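Survey of secondary and tertiary structure
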Amino acid sequence: MEFIKVTEQYQPAIALIQLNRPKELNALNKQLMEEVRDTLQLLDKNEAVRVIIITGDERAFAAGADIKQMADKSAIDMLLIDQFSTWDQIRKTKKPIIAAVSGFALGGGCEFAMTCDMIIASETAKFGQPEIKIGTIPGAGGTQRLTKAVGKAKAMELILTGRFLSAEEAHFYGLVNKVVPVEMYLHEAVELAKEIAQMSPVAVQLAKEAINRSFETQLDEGLAFERKNFYLTFASADQKEGMNAFVEKRKPSFTGR
Ligand code: HXC
């Protein structure tokens, strides 16, 4: 694995996946997500593992999809790359996944944390969907999952302005399970995992499936709709301008074309 570190028995019955592109703030490129998908599929089959924790490092859980990889793509390129089938496979994981988040969880990083089942956050965690600032919109479930987690008004504010949510606010809005000091976030995730690992793995799997069913009956439709609009932004000059401005470290100038 090039972009993640996997410890199958981080603690008895608990596996740890650590995103490992620290210089790029764990930006989620295609290969990284495929490595996560392949690992989750193996862990799902491994009877010695009952709970999976996914984490980044202190500075970033993940600062989003890799903008440098996307910047010059067309809408059709994005459609054909079809990165979201990997995300769909990730969300089909049967075992419970806890995201242990410190620092930035932005864009695809926020969406990835929300794709997990529970979130333990450090006090330094910052959640957000800043895609609007680079001329696009969330594409991996942000408009659907954030809205369900924090409600329409807050989701509108966050997605239309790109503002960040502090860990404390994220807790207030029910996006995260618990906020702890930065030196404790992984420990706290392990404590939660240990408790779940003591339960019947069959019951845990069935409960997770049923809870997800409570909103996934409508999620497929929502995700498909979001995806089309996300791809559509790649037909705009504003997406090119927004992403190129990021890469070139300057302010974007949007024209509405
Ligand atoms: C590629 C990224 C990146 C990203 C950071 N980096 N985020 N590279 N894709 N999403 C890189 C920077 O270019 C830089 O590389 C290095 O990581 C450190 O980042 P800095 O910007 O120098 O750090 P800082 O000043 O502390 O600012 C942190 C930050 C900022 C606020 C998180 O990096 C930022 O705004 N990142 C982009 C956040 C974002 O827009 N995310 C949404 C992406 S779109 P160099 O080589 O210059 O040192 C998206 C779509 C989702 O996620 C749909 C599909 C999954």
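For the structure itself, look to the data block above.
Residues numbered from 1 in each chain as written. Predicted model: local features only at pLDDT ≥ 70, side-chain atom pairs only at ≥ 80, totals over all residues. Heavy atoms only, no water.

1. Notes on the layout of surface pockets
Threshold: We place a 1 Å grid over just the protein atoms. Points where a 1.4 Å probe fits but has no way out form a cavity, open points with protein on both sides within 12 Å along at least 5 of 7 lines form a pocket, and any residue with an atom within 4 Å of a point lines it. Grid points are joined across faces, edges and corners, and a volume is the space filled by probe spheres set on the points. Any residue that is not Ala, Val, Leu, Ile, Met, Phe, Trp, Tyr, Cys, Pro, Asp, Glu, Lys or Arg is counted as polar, Gly included; the first ten are nonpolar and the last four charged. Going along the chain from the N terminus, every DSSP run of H or I of four or more residues is numbered as a helix, and every run of E of two or more is numbered as a strand.
In this structure, the largest pocket encloses a volume near 1,000 Å³. For the largest pocket, the lining is made up of 50 residues, of which Ala-63, Gly-64, Ala-65, Ile-67 and Phe-246 are closest to its centre. When the residues that make up the lining of the largest pocket are grouped by side-chain class, the tally is 26 nonpolar, 10 polar and 14 charged. If you go around the second largest pocket, you meet 25 residues; those closest to its centre are Cys-116, Asp-117, Met-118, Ile-211 and Asn-212. Of all the secondary-structure elements, those providing two or more residues to the lining of the second largest pocket are helix 5 (108-115), strand 7 (118-122), helix 6 (142-150) and helix 10 (201-233). For the lining of the second largest pocket, the leading source of residues is helix 10, giving 8 residues. Per-class residue counts for the lining of the second largest pocket are 14 nonpolar, 5 polar and 6 charged.

2. Comments concerning the packing of aromatic side chains
The following threshold applies: Any two of the Phe, Tyr and Trp rings considered here, Trp counted by its six-membered ring, make a pair once their centres fall within 6.5 Å; the pair's planes then place it as stacked at under 30 degrees, edge-to-face at over 60, or tilted in between. Residue burial is assigned from relative accessible area. The probe radius is 1.4 Å, only protein chains are included, and a residue is buried under 20% of its type maximum, exposed over 50%, and partly exposed in between. Whether a charge sits over a ring depends on NZ of Lys or CZ of Arg being within 6 Å of the ring centre and within 35 degrees of the ring normal.
For the coordinates displayed, the defined rule picks out 8 aromatic pairs. Seen in terms of ring centroids, Phe-104 and Phe-164 are 6.4 Å apart; in terms of plane orientation they differ by 70 degrees. Their pairing is edge-to-face. Here Phe-104, found in strand 6 (residues 104-106), pairs with Phe-164, found in strand 9 (residues 164-166); they are 60 residues apart in sequence, far enough to count as distant. What makes Phe-104 partly exposed here is its relative accessible area of 24%. Judged by centre distance (5.2 Å) and plane angle (70 degrees), the ring pair of Phe-230 and Phe-234 falls under edge-to-face. Through a chain of ring-to-ring contacts, three or more aromatic side chains come together here, namely Phe-84, Phe-230, Tyr-231 and Phe-234. It is Arg-21 that lies over the ring of Phe-3; its NZ or CZ is 5.2 Å from the centre. Lying over the aromatic face of Phe-164, Lys-133 brings its terminal NZ or CZ to 5.6 Å of the ring centre.

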